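Examination of the molecular architecture
Each chain, letter by letter, is given below.
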Amino acid sequence: MKKFHLFTLKAIFLWLILPMARLQAGDLPADDSVIRLSDALKMIRSHFEVDILFEDKTVNGLTVSAKAIDFDRTAEENLANLLSEFPLNYKKVKDRSYLIITDKRKARTKPVTVAALEAAHSPVGIAGPEPGSPGKMPEGLPKRPITGTVLTADGQPLQGASVKIKGTNKGATTDANGRFRLSLDEGDDVLLISYTGYSSAEVSLDARTDFTVRLSASSGGLNDVVVIGYGTSSRKNLISSISSVKGSELANIPVTSIDAALQGKAAGVQVVQNSGSPGDETYIRIRGNGSLFGENRPLYVIDGVPMNNLPAAQYGISGDGQRIASTNDINPNDIQSIEILKDAAAAAIYGSRGANGVILITTKRGTPGKSKFSLSAYTGMAEVTKRLPLLNNRQYVDLFKESRANAGLPPDPAIHYTDTNTNWQNAIFHRAPITDANLSISGGNGKMSHYISLGYFDQRGTIVGVQHYQRWNGRVNFDFMATDNLKIGVNITGTHSINHRMDNSFSGQSVLAQALIQNPNNPVYNANGTYYSDPFLRATNPVMLANSLRFQSLVDSYVGNIFGEYSIIKGLKFKTSLGFDNQQVTDDRYQSKQVNNGSAASGFASVFSQFLWVNENTLTYTPTLGGRHHLSALLGQSAQEATVRRIGVSGSTNSTDIVQSISGFTALSAPTDYRSQWGLVSYFGRVNYSYDDRFLVEAVSRTDGSSRFGANKKYGWFPSISAGWRISNEKFMQTQQFFNDLKLRGSIGLTGNNEGLGTDFPSLATYSTGYNYGAEAGIAATSLSNQDLSWESTTASNLGLDMSFLNNRINVTVDAYQKTTNRLIFKLDLPYTSGFARTNGANIGQLINKGLEISVNTDNIRSKQFSWSTNINFSINRNKITDLPETIDGDPTSSDFTESLPGSFSTSLPTSIFRVGQPVGSFFGYRNKGVDPATGNMIYDDINKDGKITAADRVILGNALPKFTGGMTNSLTYKNFDLNIFVYWSYGNKVYNQTRSMLERMSSYNNGDTKTLRRWTPSNTVTDVPKAIFNDPVVPNSVTNGEVSQRFVEDGSYIRVKNITLGYNIPASFLKRVKISSARLYASGQNLFLITSYSGYDPESQNQSVKNSQLGIDWAVQPQPRSFLLGLNINF
Amino acid sequence: MNSAVINKWIFFPVILFLLASCTKVLDQTPEYTIAEDNYWLSSNDAEAAAIGMYPVVQALALQCPAAFDAASDAATGLLANYSPFSQHGIPVDNAIVATYWQNLYTGIGRANDLLKHVPGIKDSLFIPGQKARILGEAYFLRAYFYFSLVKAYGPVPLVTQPYTSFNADFTIGRSSVDSVFALIVSDLHAAENSLPQTYAAVVDTRGRATQGGAKALLAKVFLSMKMYDSAAAKALEVMNNPTYSLAIGSAAYSNMFSTGGKNGAESIFEVQYLSATSQNNGLFSLYVPSNGLPAGIQPGSYQVAPTAKIIAAYETGDIRKNAALNANTATPPVPYGNKYLRLISGAEPDIIALRLADIILVRAEALNDLGQTGPATDLLNLIRRRAFGLPLTDPSPHDFPSANDLAGSYDLTLAIENERFKELAFEGHRFYDLVRTGRAQAVLGISDDQTRWPIPLREIGRNPRLIQNHGY
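From a predicted model like this one, the values you see are computed outputs, not experimental measurements. (Residues numbered from 1 in each chain as written. Chains lettered and ligands numbered in written order. Predicted model: local features only at pLDDT ≥ 70, side-chain atom pairs only at ≥ 80, totals over all residues. Heavy atoms only, no water.)

Points about the overall build of chain A
Rule in force here: Here a helix means four or more residues in a row that DSSP labels H or I, a strand means two or more in a row labelled E, and each is numbered from the N terminus. Radius of gyration here is computed from C-alpha atoms only, and the compact-globule reference equals 2.2 Å multiplied by the residue count raised to the power 0.38. We call a residue buried when its accessible area falls under 20% of the maximum for its residue type, exposed when it is over 50%, and partly exposed in between, using a 1.4 Å probe and counting protein chains only. We call two residues contacting when some pair of their heavy atoms lies within 4.5 Å.
On a plain count of helices and strands, chain A comes out with 14 helices and 57 strands. Radius of gyration (C-alpha) of chain A: 33 Å, near the 32 Å computed for a compact globule of 1132 residues. For chain A, buried positions account for 59% of its 1132 residues. For chain A, long-range pairs separated by at least 24 residues make up 70% of all intrachain contacts whose partners lie at least 6 apart in sequence.

Focus on the overall build of chain B
Put simply, the rule is: The charge count includes Lys and Arg as positive and Asp and Glu as negative, but it does not include His or the ends of the chains. We put the charge of a Lys on NZ, of an Arg on CZ, of an Asp on CG and of a Glu on CD.
A tally of helices and strands in chain B yields 21 helices and 7 strands. Seen along its three principal axes, the alpha-carbon backbone of chain B occupies a region of about 120 × 50 × 45 Å. Evaluated residue by residue, chain B yields a buried proportion of 58% over its 472 residues. By sequence separation, contacts in chain B at least 24 residues apart represent 68% of the contacts at least 6 residues apart. Of note, chain B has its 36 positive side-chain charges centred 3 Å away from the centre of its 41 negative side-chain charges.

Overview of the sheet that holds strand S4 (residues 88-94) of chain A
Residues and elements named next belong to chain A. Cut-off, in case you're wondering: Pairing between two strands is assigned when DSSP locates at least 2 bridges connecting them. To get an axis, fit a line to the C-alpha atoms, keeping to the stretch in contact for a helix; angles then go from 0 to 180 degrees between the N-to-C directions.
One open sheet accounts for 3 strands, arranged S2-S5-S4; its pairing is mixed. Both outer strands of the open sheet, strand S2 (51-53) and S4, are each paired with one neighbouring strand and no more. Neighbour-to-neighbour, the strand axes of the sheet open up by a mean angle of 25°, direction not taken into account. Pairing of S2 with strand S5 (residues 97-102), which is carried by 3 bridges, proceeds in the parallel orientation. Residue pairing for S5: aspartate 51 is matched across the bridge by serine 97. Against the sheet, helix H2 (residues 37-48) makes contact with S2, S4 and S5, and its axis sits at roughly 155° relative to S2, the strand it touches most. On the sheet, helix H4 (residues 75-83) packs against S2, S4 and S5 and is oriented at approximately 155° with respect to S4.

Observations concerning the interface of chain A and chain B
Under the convention used in this document: For any pair of parts, buried area is found by adding up, for both, the accessible area (1.4 Å probe) each one loses once the two are put together. The rule for a salt bridge is simple: a side-chain nitrogen of Lys or Arg has to be within 4 Å of a carboxyl oxygen of Asp or Glu.
Each partner contributes residues to the interface: chain A has 61 residues there, and chain B has 63 residues. Of all residues in chain A, Tyr767, Tyr773 and Tyr832 of chain A bury the most surface against chain B, accounting for 17% of the area lost on that side. Summed over the shared surface of chain A and chain B, the result is 4 salt bridges. When residues of the side of chain A that touches chain B are traced back to their parent elements, those giving at least two are strand S27 (550-569), strand S29 (601-621), strand S30 (629-653), strand S32 (672-691), strand S33 (695-706), strand S36 (766-769) and strand S37 (779-783) of chain A. For the side of chain A that touches chain B, the element with the highest residue contribution is S32 of chain A, accounting for 9 residues.

Things to note about the side chain of glutamate 730 of chain A
Where we set the bar: Between N or O atoms, a polar contact is any pair within 3.5 Å; within protein, one atom must be a potential hydrogen donor and the other a potential acceptor, and residues adjacent in sequence are included only when both atoms are from side chains.
Tracing the chain through its elements places glutamate 730 of chain A in the loop between strand S34 (715-726) and strand S35 (739-753). Engagement of the side chain of glutamate 730 of chain A in a polar contact is seen with the side chain of arginine 694 of chain A, the distance being 2.9 Å.

Details of the packing of aromatic side chains
All names here are of chain B. Applicable threshold: When two rings of Phe, Tyr or Trp (its six-membered ring) have centres within 6.5 Å they constitute a pair, described as stacked for plane angles under 30 degrees, edge-to-face for angles over 60, and tilted for the intermediate range.
Following the criterion strictly, the structure yields 56 aromatic pairs over all chains and no others. Both rings, one in tyrosine 82 and one in phenylalanine 85, keep their centres 6.3 Å apart while their planes meet at 40°; by these two values the pair is tilted. Classification of tyrosine 82 as buried rests on a relative accessible area of 3%. Under the relative-accessibility criterion, phenylalanine 85 is labelled buried at 1%. Here the aromatic residues Phe68, Tyr82, Phe85, Tyr100, Trp101, Tyr105, Tyr146, Tyr153, Phe431 and Trp453 are joined through ring pairs into a cluster of three or more.

Concerning the confidence of the model for chain B
For clarity, the cut-off: Values of pLDDT, the confidence the predictor places in each residue, fall between 0 and 100.
With 94% of its residues at a pLDDT of 70 or more, chain B shows a mean pLDDT of 92. Across the interface, the model reports ipTM at 0.93; the global pTM reads 0.80.

Details of helix H16 (residues 356-369) of chain B
All names here are of chain B. Definition in use: By definition here, a helix of n residues has an expected span of 1.5 Å times n minus one.
With 14 residues, H16 should reach 20 Å at 1.5 Å per residue; the first-to-last C-alpha distance of 20 Å fits that figure. For H16, the tally of buried residues reaches 13 of 14 residues, placing the bulk of the element in the interior. In the segment just after H16, glycine 371 is the residue with positive phi, at about 90°.

Points about the pairing of strand S43 (residues 866-883) of chain A
Residues and elements named next belong to chain A. Sheet topology places strand S42 (residues 846-862) next to S43; 16 bridges connect them, and they run antiparallel. Bridge pairing links asparagine 849 to asparagine 879 in S43. Adjacent in sequence and paired antiparallel, S42 and S43 are bridged by 3 residues.

A look at the nonpolar core
Quick reminder of the rule: Side-chain atoms within 4.5 Å are what join buried Ala, Val, Leu, Ile, Met, Phe, Trp, Tyr and Cys residues into a set we call a nonpolar core.
Membership of the largest hydrophobic core comes to 135 residues, with the highest contact counts inside it found for Phe85, Leu114, Phe140, Tyr146, Tyr153, Phe426 and Trp453 of chain B. Counting residues per element, this core draws most heavily on helix H7 (residues 130-153) of chain B, which supplies 14 residues.

Details of helix H18 (residues 412-423) of chain B
All names here are of chain B. The end-to-end C-alpha distance of H18 is 16 Å, a good match for the 16 Å that 12 residues give at a rise of 1.5 Å each. A large share of H18 lies buried, amounting to 10 of its 12 residues. Within the sequence span of H18, burial applies to Leu412, Ala415, Ile416, Glu417, Asn418, Glu419, Arg420, Phe421, Lys422 and Glu423. Its side-chain oxygen at 2.7 Å from the backbone nitrogen of threonine 413, aspartate 411 defines the N-terminal cap of H18.

Focus: the pattern of salt bridges
Residues and elements named next belong to chain B. Applying the stated criterion to the full structure yields 76 salt bridges over all chains. A salt bridge links glutamate 266 to arginine 355, with the nearest nitrogen and oxygen atoms 2.8 Å apart. Pair noted here: glutamate 266 is in the loop between helix H12 (250-255) and strand S3 (267-271) and arginine 355 is in strand S7 (residues 351-355), with a separation of 89 residues, a long-range link. Taken together, the salt bridges that share partners define one network made up of Glu266, Asp318, Arg320, Lys339, Arg355, Arg384, Arg386, Glu419, Glu423 and Glu427.

Section: the confidence of the model for chain A
Residues and elements named next belong to chain A. Taken residue by residue, chain A gives an average pLDDT of 85. The fraction at 70 or more is 90%. Counted against residues more than four places away or in other chains, residues 1-30, with its pLDDT under 50, gives 33 contacts. Across residues 315-319, where pLDDT falls below 50, the model places 16 contacts with residues more than four positions away in sequence or in other chains.

Quick notes on the environment of tyrosine 300 of chain A
All names here are of chain A. With respect to the helices and strands, tyrosine 300 occurs in strand S18 (residues 299-302). On the basis of relative accessible area, tyrosine 300 is assigned to the buried category, the value being 3%. Considering only alpha carbons, one finds tyrosine 300 and isoleucine 361, 61 residues apart in sequence, at a separation of 7.3 Å.

Some thoughts on the packing of helix H10 (residues 211-224) of chain B against helix H11 (residues 228-239) of chain B
All names here are of chain B. Applied cut-off: By the definition adopted for this analysis, an angle is roughly parallel if under 35 degrees, roughly antiparallel if over 145, roughly perpendicular if from 65 to 115, and oblique otherwise. Handedness of a helix crossing follows the sense of rotation of the near helix relative to the far helix, less than a right angle counterclockwise being left-handed and clockwise being right-handed. Think of it as three bins: nonpolar holds Ala, Val, Leu, Ile, Met, Phe, Trp, Tyr, Cys and Pro, charged holds Asp, Glu, Lys and Arg, and polar takes everything else, Gly as well.
H11 packs onto H10 with a crossing angle of 155° between their chain directions and a minimal axis gap of 8 Å. Looking at the two axes, H10 sits roughly antiparallel to H11. H11 is crossed by H10, and the crossing has left-handed handedness. On H11, the residues touching Gly212, Lys215, Ala216, Leu218, Ala219, Phe222 and Leu223 of H10 are Tyr228, Ser230, Ala231, Lys234, Ala235, Glu237 and Val238. Residues that form the contact of H10 with H11 fall into these classes: 9 nonpolar, 2 polar and 3 charged.

See the structure below:
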């Protein structure tokens, strides 16, 4: 024991330990016990040698926590503290003599016991009668045994919930079925039921002997355990910015990835579902876009294992905007909670990977007790209901003929009136089933506990054909107390998924784009039932494409760890963990001759695998100091290594569609074999100290060494410091009753971003193979070295305020932050005379995100039959690029970086720009000034007044980032019914409607939307739609009528009723007969209503989450469907 | 308690061990590419680096011949890509201009890298002469790249050392044409002294740098420098080299440009291409129309069309006309350049960068400029007789002076110029031939400024010491 003096300053140690030693020798019971107030007063009396006078009836039945007594403080301070929770006060009658009196002012509010305050939560969904007012308390219930069940709002039994009889030390803990048993004494009148993460409940005891109590999940509860990096904390002591989302809020939502389920659940987290394609990657940003070319997604850590942050498709099939996201591999039903680390104080412990925020995923674990079986399933239908207004068969022919005539071209005899009028949108959209089923078994005994689950998820695409996502999940979490001091455990999850994908892009094989541009005079099928094929190959039959193009990704993923936790001495723990994340993605694509419009069939196959191992060792020291001092310290070390491999080959064949294996192909391209690896070594520590629960400070330090970076910058240091002041614990706050909790906190720190550099060796000068000449193999230099290349460094500061008031009915958290990303990795263009086009990346440039987040949880109504709570969050983020390297001194636009999307369908390609002073996500193009009534052509603004419209006349047209976003969840329960309504909104985001630019182009064989009916004609000269010209521009090198301009920039603001769920808990009395402890039926609707002025399918459709240079562009992306589900949760 | 005390102390050595052993994960070596430290160690590295320069030569196809043909009076650029060259109004941000510059300096960078590192490689596996040959290839290609630069841009930055670090100073000014030529000449002298006459394989003898190639290029460089003595002398050395001989007869002549007749005896430096999917030049797409083609010919997008002038230039019976020109089956037929046909099977033609007929005409021109009109006329007639399938040594009706000469002129200088026009049509020489002889203004009607491409705008932005060409 003495040796551990080294771990703390000796002086502090003595200061902390000595009072404790005195207490142990003295007269106080163990810290965590509850004692009678009268006894507490007697202790004060004897310790401080003062007189305290009180009437027994005044203090009768009142209890306090033994912790409330603190002999380091004065007698008066102790009295104030002890009495603060009761309608009592003390009066100093003379020196060293006090009288306990009833305080009328405090008596106005309901007396609460210390125990109740500790629980600090509203009673919600109480099955028994409302607790009576003090005067009406039923007195003297006879001695008898009672039993009861504690359930969650959706009917899941809660194991390990604490059930206490108010005012006594008696209590019980619920078993695996949520059952408890207690013996009542006379005078016991109220049950206090609490469970971490749930609102506590008080139940008045009446003549019943069996009680059922439902607890609703709370967020922001003061005593909630919050998972932090390498540890846990309680919400009330948290001084960093962390949002928590319960697993129950993520399950039973018809989306593939947990990212999508997080939408609107936490302030400061912007989530956009890029498309309605099953398995598509979700756009997620925590506190804005912190990088231009690097990764912007957060680090995901699942049960302590940092997941591979590399989307597999980065090295696989291009995916046409769809990447394989590793967050798809996690079963939302296995999740206990998700914590989102937002500020530097929370994320600095993850050092060079923390700058984009960290998402900590904690999965469920077993608790001792009888095995609990839990079955949950839903099934439903999804459908795209919106249709874009397109021209019909005759209008199409008219438009086309006019465009030919306007271009001075002869009519095309192939385009003429027919009786066919195909609605191609109806031909490709259909109603698609979605099913999810999960079974879990959890439980344990004194030494072991387990959580085992199986899950199956099946979602068909809302476009006809092959589109289909299926996922099988399994998980085993196992804990074993090997000795009294040593706990070992295993977490492992395995996932197998098959995604039959569809091109979801502006490529020629986009089913939706082909359906939109298709001539309505074409039929879907020929008379003989085969697919109709346009003999001139002006468009590909989208129904054929949807059914015939094979584009499959098969993902196998295993993530887990083995850990051991050893208590060296009380308060000092050593934990070691060996974790791994292994993902294998097999992609294959096959385009038959039919898909390739008669050219040879082509195919591609690739196998991608990534493996990551991580070893982490931590020492945590939490001395029991007693008194007002709380200290915890963490020291840790971590090493990890990740390897990536991809082997791929493509080719073509004229042989047969039966064999789609590349080995049967006639012409093969050179196979690729990509290999890479990187390592990270880290040392980290954290010290957290609080004084008197009023002053809280925490310091974090992490040192990361990464193989990725230049020899001069291998190691980086990421410190943070935070401090908090719980104002509500101040003496001057003791007399007020409004605030239950009031905490001010602030933090500043440094985090880094080391992802997304394109290669794992960005700092090295490298030579690459493949520079062959004839049959001979050549090698050439491909990059210059940059020994100074290092992570992007983000300095983040945060100021937050946590408030609970009106008897904890309202919890408000406000955070203001600024994140400055320095050493931004930018692709610096080099003069070609260097022999290279650009560097791999150089640390130059700066951008700033600043914002404000507000979340409010309210318990609007708490009554025994009806409860209503609301959770609202608002996020405002402002992003600005503040520095980029100028290539011409003094010319800020010389640092502009523009990038256009790839595309086709004879449109001008949407262009984004990074410009100093502007946010990420800015659209760049011409400013149009309407249609010239004389010529019918678009007039563009000649910005530089040189008399010509050239690329130099382009300006910023708008921005894809929202001004603010938010979500609101209303949870209502009435008797056995529960209703949950979730609304999400985004305001101020612009969308570049490239789909509409395609449909209003009027220069090819593409169909148009009905807006083209008001196109310019000699008789309709005042309009906003230009004239139709085939092959526009007729004059080479001149601007077209379809240039990228603000004409296609639309307001993408929206309010979406994301989800409404109505549940019914089948009464326990009925279930008992079938040996089921609880059952809940529910019906749910996803994406029920959308309020937006956006003219396209879905304002959320922005396909490219990969690149910050391509945000907010709707390019014929499959919209999110509306889904209706029926579901069932059963526990037995 | 004792055992527990021991147990807890076991952890500290374990932790120390873990701390000490984990830093090795920071030492990662790329497997997919080669780190600089692991390169330039063996003869293999040197050989691979030599090969690694040629893809740059391959990559020049879309700029030369295509853009230079479009700028000449032999072809017209039809679509947006090449019409600025035909109209002699090239924007400073033209992509082809930038790509040409980029490709050439990429090649120069690789040559510089090789020239810096290969001399120091100590490897017993070098066979005698191998190292010198590899260095010779780098000298030859560096000269080839700089000559291409001078022809397009005039004075250019002279980079002779490889850049090694991102932190280097990349700004560099333009050097005079004379100093660029001085480097070219010295590189080519070094090349002709270290390169072999032939390689073991024919494809290398034609496709890689050789002594003959260095001499041929030197002859053309000397001609540009108006050093006619040296030009004539070097050209003669090439002509005396038994490796090279003229293709005789209509079939053999046309065959030079076909995918089936690659690396014929007339080729001195022929840029090798393999197929549509691997190492292709893509020129078919520029020269060939989209329909009405003979069977087996891949249709193109027809961006560089022959002028009426080149079509009319050939006399009846000139076997070169069918080699250079064809027309499709449309009404009216669309004429097209016939030298770069890709087959539907994927077979890709080569590009002949240097061939004997060119060098013979170089010597003819040099001798003429030296006043030796007799020998010059003999060489011109050699090419003419071959063009009509006649015996090379017998006088013929097509010999100079002939009534059929351009505009009835009996000017030998013009006759040689016109012969080059016909002989080397669509091979990228015409525009610069007119520029170096000062005839561009008269023939193409362009100003002196228009004889040079603009320095790419991007380069001026990133290298402030570059000064734009006059007129842009």
